[in-house]
Amino acid sequence: MDGQGQQIKLTKKDVAKSFWRWTFFSHSNYNYERMQSTGFTHAMIPVLTKLYGNDKEKLSKSLQRHLEFFNTEPHFGGVIGGISIAMEEQKANGAPISGQMISSVKTGLMGPLAGVGDTLWQGTIVPILLSFAISIGSKGNLLGPGLYIVAMFCIMWTIAYQLWMRGYYLGKEGIMKILAGNMLKRVLTLSQILGGIVIGGLTATFVKLSTPLKIHAGTATISVQQGVLDVLFKGMLPFAMTLLVLFLLNKKLKSTYVLLIIVLIAGIGAGFWIF
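Thresholds applied
Residues numbered from 1 in each chain as written. Predicted model: local features only at pLDDT ≥ 70, side-chain atom pairs only at ≥ 80, totals over all residues. Heavy atoms only, no water. Helix = DSSP H or I, 4+ residues; strand = E, 2+ residues; numbered from the N terminus. Expected span 1.5 Å × (residues − 1). Bend = angle between axes of the 7 residues up to and from the residue. Salt bridge = Lys/Arg side-chain N within 4 Å of Asp/Glu carboxyl O. Buried < 20%, exposed > 50% of the residue type's maximum accessible area, 1.4 Å probe, protein only.

Caption draft 1: Geometry of helix 2 (residues 37–52). Its 16 residues place the ends of helix 2 only 20 Å apart at the C-alpha level, less than the 22 Å of an ideal helix rising 1.5 Å per residue. Bending of helix 2 peaks at approximately 45° at the position of Ile45, with proline Pro46 no more than four residues after it.

Quick look at the structure:
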């Protein structure tokens, strides 16, 4: 409440302003000590200023609690920003909400929503968009990368904005009900399946690897690739190379090292006429 005991009501414009700040500055001053806390606090400043602007001590404390460690997937995890705004508004208007409660909600949600966001965004949406873009771009058409960039930002901003605003209007209780239900689990399972299908399709289409080796048996000559490998398992070598890359990445090996290993394998294979 303000000095006259009147309710302080945020507008949709206030909440949206915080969203755009988060969108463009979520990773500003990103560091190992507090991760995204600076970007999150920057996004909250317009709201906190309106809620606590007449009380410098309360404003200072609200800024300090949002400077605590925070890290999540910025698009799907943005729903936490909306929830935080709703809780700050309720607190400023006299609701029994402590600063520790707001921090606890942020801490409790940032991990699960990071997992959800990474699965849906990096494991599903991005591979699907790339499958279309690479297919078009591989033929020399600049529409491929252009389509990927436009589609990515349109989808990203739409999802992020809707979740940010949904977090504000539903509040903590609404999001908790969603997380506690089976719907989220089903969405994640379907996304993982879809992501696997897309990755498999990309592997079969764009990973090219074959061997020129031949087996000579008397007067007969058998091609190892066509006569053996393709008969046993069509695309065995590309599939094996993909599994090797996944294995190395799962071992936390840097992507640059994985690329060097692939180059080394290719060099040895070409030098000995294996690939």
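Caption draft 2: Main features of the pattern of salt bridges. Applying the stated criterion to the full structure yields five salt bridges. A salt bridge links Lys50 to Asp14, with the shortest nitrogen-to-oxygen separation between them at 2.7 Å. Of this pair, Lys50 sits in helix 2 while Asp14 sits in helix 1 (residues 12–25), and the two are 36 residues apart along the sequence. Here Lys50 falls in the partly exposed class, since its relative accessible area comes to 36%. Looking at Asp14, the relative accessible area reads 18%, which means it is buried. Arg65 is paired through a salt bridge with Glu88; the nearest N and O atoms lie 2.9 Å apart. Highlighted residues: Arg65 in helix 3 (residues 56–66) and Glu88 in helix 4 (residues 79–92), separated in sequence by 23 residues.

Caption draft 3: Examining unusual backbone geometry more closely. The phi angle at Met35 is positive, at roughly 55°, despite the residue not being glycine. The phi angle at Lys252 is positive, at roughly 65°, despite the residue not being glycine. Here Lys252 is to be found in the loop between helix 9 (236–250) and helix 10 (255–271). A relative accessible area of 75% means that Lys252 is categorised as exposed.

By themselves these figures say nothing about function.
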